[in-house]
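What follows is the residue order along each chain.
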Amino acid sequence: MWTKEAAATAEARESGIRNKSSSSSQIPVVGVVTEDNEAQGVFKPMDLNRVIKLLEETDKDGLEEKQLKFVKKLVQCFQNGLPLRDLAQIFKILNLCAGKIKNQPRFVESAYDIIKLCGLPFLKKKVSDEITYAEDTANSIALLGDLMKIPSSELRIQICKCIVDFYHAEPPKKHIPGYQQASSSYKIQMAEVGGLAKTMVQSITLLEHQLVEKLWVLKVLQHLSTSEVNCTIMMKAQAASGICTHLNDPDPSGQLLFRSSEILWNLLEKSSKEEVIQQLSNLECLLALKEVFTNLFMRGFSHYDRQLRNDILVITTIIAQNPEAPMIECGFTKDLILFATFNEVKSQNLLVKGLKLSNSYEDFELKKLLFNVIVILCKDLPTVQLLIDGKVILALFTYVKKPEKQKIMDWSAAQHEELQLHAIATLSSVAPLLIEEYMSCQGNARVLAFLEWCESEDPFFSHGNSFHGTGGRGNKFAQMRYSLRLLRAMVYLEDETVNTDLCEKGTIQQMIGIFKNIISKPNEKEEAIVLEIQSDILLILSGLCENHIQRKEIFGTEGVDIVLHVMKTDPRKLQSGLGYNLLLFSTLDSIWCCILGCYPSEDYFLEKEGIFLLLDVLALNQKKFCNLILGIMVEFCDNPKTAAHVNAWQGKKDQTAASLLIKLWRKEEKELGVKRDKNGKIIDFENLPGLSAEDFVTLCIIHRYLDFKIQATHKQRELANKSWENFLARTSNAKTLKKAKRLQEKAIEASRYHKRPQNAVFHGTDIKGLNTTVPSGGVVTVESTPARLVGGPLADTDIALKKLPIRGGALRRVKAVEIVDAPKKSIPTMLQFQFDLQRSDEETLGVIEIQHIYENAKVHFITDL
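Residues numbered from 1 in each chain as written. Predicted model: local features only at pLDDT ≥ 70, side-chain atom pairs only at ≥ 80, totals over all residues. Heavy atoms only, no water.

A few points about the overall build of the chain
Each helix and strand counted, the chain has 39 helices and 7 strands in total. For the chain, the residues scored as buried account for 44% of the 865 residues in total. In the chain, 71% of the contacts between residues at least 6 apart in sequence involve partners at least 24 apart. Carbon together with sulfur atoms contributes 53% to the accessible area of the chain, which is approximately 49,400 Å² in total. (Helix = DSSP H or I, 4+ residues; strand = E, 2+ residues; numbered from the N terminus. Buried < 20%, exposed > 50% of the residue type's maximum accessible area, 1.4 Å probe, protein only. Contact = heavy atoms within 4.5 Å. Areas by Shrake-Rupley, 256 points an atom, 1.4 Å probe, with all protein chains shown as cover.)

Looking at the pattern of salt bridges
Tallied over the full model, the rule gives 21 salt bridges. The closest approach of N and O atoms between Lys124 and Glu130, which form a salt bridge, is 3.1 Å. Each member of the pair, Lys124 as well as Glu130, carries the same accessibility label: buried. Here Arg572 and Asp570 are joined by a salt bridge, their closest N and O atoms 2.8 Å apart. The partly exposed category is assigned to Asp570, whose relative accessible area is 29%. One salt-bridge network, in which partners are shared between bridges, spans Glu64, Glu65 and Arg106. (Salt bridge = Lys/Arg side-chain N within 4 Å of Asp/Glu carboxyl O.)

Digging into the confidence of the model for the chain
Low pLDDT marks regions whose predicted coordinates should not be analysed in detail. Residues at a pLDDT of 70 or more form 79% of the chain, whose mean pLDDT is 81. Low pLDDT, under 50, characterises residues 1-43; the stretch is placed with 52 contacts to residues that sit more than four places away or in other chains. (pLDDT = per-residue confidence, 0-100.)

Brief notes about a nonpolar patch on the surface
A cluster of nonpolar residues, Leu688, Leu691 and Phe696, forms a patch on the protein surface that exposes about 240 Å² of accessible area. The residue Leu688 is located in the loop between helix H35 (657-672) and helix H36 (693-703) in this model. (Patch = residues over 30% accessible without salt bridge, like charges linked within 9 Å, V, L, I, M, F, W, Y side chains within 5 Å.)

Let's talk about unusual backbone geometry
Positive phi values are uncommon outside glycine, yet Gln442 reaches one of about 55°. Checked against the element boundaries, Gln442 lands in the loop between helix H23 (435-440) and helix H24 (443-455). Located in the positive-phi region is Lys653, a residue other than glycine, with phi close to 60°. For Lys653, the location among the structural elements is in the loop between helix H34 (642-648) and H35. A relative accessible area of 86% places Lys653 in the exposed class.

Structural notes on the packing of helix H29 (residues 549-567) against helix H30 (residues 580-595)
Contact geometry of H29 with H30 gives a least axis separation of 10 Å together with a crossing angle of 150°. One element, H29, and the other, H30, form an angle in the roughly antiparallel class. The crossing of H29 and H30 is left-handed. Contact with H29, carried on its side by Lys552, Phe555, Val560, Val563, Val566 and Met567, involves Leu583, Leu584, Thr587, Leu588, Ser590, Ile591, Cys593, Cys594 and Ile595 of H30 and no other residues of that element. Along the lines of polarity and charge, the residues of the contact of H29 with H30 split into 12 nonpolar, 2 polar and 1 charged. (Axes fitted to C-alpha atoms, helices over the stretch in contact; angles between N-to-C directions. Parallel < 35°, antiparallel > 145°, perpendicular 65-115°, else oblique. Left-handed = near helix turned anticlockwise from the far one by under 90°. Nonpolar A, V, L, I, M, F, W, Y, C, P; charged D, E, K, R; others polar.)

Overview of the packing of helix H8 (residues 153-165) against helix H11 (residues 211-224)
As a packed pair, H8 and H11 sit with axes 9 Å apart at the nearest point and diverge in direction by 20°. Compared by their axis directions, H8 and H11 come out roughly parallel. Helix-helix and strand crossings are classified by hand; for H8 and H11 the assignment is left-handed. Contacts between H8 and H11 pair Ser153, Arg156, Ile157, Cys160, Lys161, Ile163 and Val164 from the former with Val212, Glu213, Trp216, Val217, Lys219, Val220 and His223 from the latter. Per-class residue counts for the contact of H8 with H11 are 8 nonpolar, 2 polar and 4 charged.

Observations regarding the sheet that holds strand S2 (residues 122-124)
The 3 strands lie next to each other as S1-S2-S3, forming an open sheet whose pairing is mixed. Sheet topology places strand S1 (82-83) and strand S3 (180-181) at the edges, where each strand pairs with a single neighbour. Relative to S2, S1 runs parallel, the two sharing 2 bridges. Directly across from Pro83, in S2, lies its bridge partner Leu123. (Pairing = 2+ DSSP bridges.)

Focus: the nonpolar core
Ranked by internal contacts, the top residues of the largest apolar core, which has 211 residues, are Leu144, Met200, Leu221, Met511, Ile591, Leu614 and Phe636. Element by element, the count of residues in this core is highest for helix H28 (residues 527-545), at 10 residues. (Core = buried A, V, L, I, M, F, W, Y, C linked by side-chain atoms within 4.5 Å.)

Section: the packing of aromatic side chains
Counted according to the given criterion, the structure contains 13 aromatic pairs. Connected via pairs of aromatic rings, a cluster forms that spans Phe293, Phe297, Phe332, Phe339 and Phe342. Note that Lys73 overlies the ring of Phe70, its terminal NZ or CZ placed 5.4 Å from the centroid. (Phe/Tyr/Trp six-rings, centres within 6.5 Å; stacked < 30°, edge-to-face > 60°. Lys NZ or Arg CZ within 6 Å of the ring centre and 35° of its normal.)

Concerning helix H18 (residues 332-341)
Buried residues dominate H18, accounting for 9 of its 10 residues. Of the residues making up H18, those classed as buried are Phe332, Thr333, Asp335, Leu336, Ile337, Leu338, Phe339, Ala340 and Thr341. The secondary structure elements touched by the buried residues of H18 are helix H16 (283-299), helix H17 (303-320), helix H19 (361-377), helix H20 (384-389) and helix H21 (392-397).

Some details on helix H12 (residues 228-236)
Buried within H12 are the following residues: Asn230, Cys231, Met234 and Met235. Across the axial projection of H12, the buried residues extend over an arc of 140°, all falling on one side. Structurally, H12 contributes buried residues whose contacts are with helix H9 (186-194), helix H10 (196-202), H11, helix H13 (239-244), helix H14 (255-270) and helix H15 (273-280). Where H12 starts, the residue carrying a side-chain oxygen 3.2 Å from the main-chain nitrogen of Val229 turns out to be Ser227. (Arc of directions from axis to C-beta. Polar contact = N/O pair within 3.5 Å; in protein donor to acceptor, adjacent residues only side chain to side chain.)

A short note on the environment of Leu351
Structurally, Leu351 is set in the loop between H18 and H19. Leaving out residues up to four positions away in the same chain, Leu351 has contacts with Thr294, Met298, Asp335, Leu338 and Phe339.

A look at the side chain of Thr199
Looking at the element boundaries, Thr199 is found in helix H10. Beyond its immediate chain neighbours, meaning those up to four positions away, Thr199 contacts Ala142, Gly145 and Asp146.

Description of the environment of Val498
Within the secondary structure, Val498 is located in helix H26 (residues 496-504). Taking the C-alpha atoms as reference points, Val498 and Met439, 59 residues apart in sequence, are found 7.5 Å from one another. When residues no more than four places from it in sequence are discounted, the contact partners of Val498 are Ile435, Met439, Asn444 and Met490.

Quick notes on a positive patch on the surface
On the surface, Arg50, Lys53, Lys66 and Lys69 cluster together into a patch of positive charge. Of all elements in the fold, only helix H2 (48-56) and helix H3 (63-77) reach the threshold of two or more residues within the positive patch. With respect to the helices and strands, Lys69 occurs in helix H3. (Lys, Arg positive; Asp, Glu negative; His and termini not counted. Charge placed at Lys NZ, Arg CZ, Asp CG, Glu CD.)

Regarding the state of the cysteines
Counted under the stated rule, the structure contains 0 disulfides. Not part of a disulfide, Cys285 finds its nearest cysteine sulfur in Cys244, a span of 4.1 Å. (Disulfide = S-S within 2.5 Å.)

Right under this line is the structure:
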């Protein structure tokens, strides 16, 4: 509480500062703690508006000293914190001081002192002050970022220190009666609202060669990027690309790389990942990342360097997911492939000469990350050639083998097992793209040999600690699981070379043997993994046997037995969620691909009551299986023995197959919403609301569309038959031909324009002596040997064949031959030769025998005058 004595003393010491008591305006007043009354919490009042007005004045003698003096008093006044109600005016004073720095450098210290106060707690007099003065506070904090433009190193560093202090709030040095500290996160929230992160990102461009200031700005951004709001603001300000391009700036301390990578991580996690990746997917950023990673890979030996190296690789992997990222163009892809394989495939490249990975945790993580980045890179098809050059398949296959005894390994047993599983999983993605390399490395033989070891009883104490090792602790299920995935990926390429090689190596028998071995040793503990293995085996068998009768015969009765075993599974397990549904789908697929079409297997399947089992599953009334089962049943019905089995089947309550199928039909109608009347007639084709009378007429046409379509088809057939009959009549009867000719000429004449302009020249288009009533082919006029040289129009020469046109020359042979199939029960098929015969009016209807068209061939052509 203010006392009268304290007020009088303050008024005496600051005479002329306060406004008249009669003024209605409210003047912000703060208390300055004096040495005499500090213990009592008494403050000296100060008119901030007067300070602002004083700083706005110019061109007065001694003004600068007075201004600096008042600012100094202001700083002393707020040594224990800044009240929220006065914050806007204090920052206005700060802004005025900053504006004077260019011409009056002494104001740098004043601005510095005020900024230093911003690191102190913000004080509120009322609980509602945080809300009331939120806008003023946000704008004030945003001003700190704008002040980074002032070319003063100490000022910039102090601004950064002040912002960092937001995240390390300390209680007030002294308790001020009537005030309490604002919440610890209040400054952070106001920084988000004011958009401080944007101006701090923009300030990086001002600090190209100022390492110390740049490190402080990165420290600020590192703190700001812990917030999703700030990360979004920074992302929109292009922070990712701006920071990434400066990763290689000289920095002996190493802070720049550490803080920059941390900021990039936060941006990827807390803002739009796609947008950040897009910002980083340019040549400049990737070249910077490449150089940083290569340096750390070759020269980083400390725990800190290796950890940072791995972080950079993860960021690179995320960027590589963007197909537009120029990973190949910058050479990063080639280097990553080299780093991933140099331990397994010896290389003379200087980047890896003399390098060797240790079994430390960081190097182990690096190896897994390199396997992972290969999977990402191989999705970009231009990478395939680099994978070939880097011998990636050969490097990965070095892990696909049983553990060798008494061999010194670079990795511990647990690490080697995890890398082995990771390598096989990587092969599943890479090998289908590199079939030739896979085959040249004897890929099928290696995988089948490894599966043989997986099935063997050799002692193996697996750890099963990793993601890929799930379910494989103390057994070889994990190795078998990923090996079968690899085989499945290769089989479903449908490459005949791969599949034939697999069959020649006894894969079908081996798969059946593994399946039988698994079902002979039930393992409820790892049931989900076992079910996946069984499903993959059946899918592999389906891929190998489909459309190959010989392979289906190899599948044989043993294969049918494992199918029947699965079909007998308790139906209640289908709802367990462990993978029985997938196993059943795989089984149905194997019936379709491995049994159907092979009569001995079909008969054996029928003998073992396979149709009964199919109908049992169909009776479960699960729609996801119905279509596939019904398709299989249709195919089985081609076998004459099937009908008896279908008719003999009985379900629950003596249900027959016919009854089951009818029930399924009704269920389908119900799901489709088909409605019937009391007599069973379907009534909802037409029961549509909001139709007019014209719409109902159209609906009737739609309803009878198929009837109209069958009618139109018949009409077209009748017209075609009639046309053919007319053609035959013209070609076999001269009178009919002449009649058709006259009708044709009459129609042509009627279509002509008879009124001719005066002095017009008429050119006839009729070909005299043309005796056809069908459209003729292209007419080609050939200037032949003059008639006087060949003896006249009736001369019999080799080139004339039989008769010559009256104008002379030889009969032209035409290469174009059209074969026309006559309708059944009419005349034999004829070879129709299109050519231009020019004849005199005296020639009569006859049959011309055309010879020498082909050797020893005679073709009769029917023609008329």
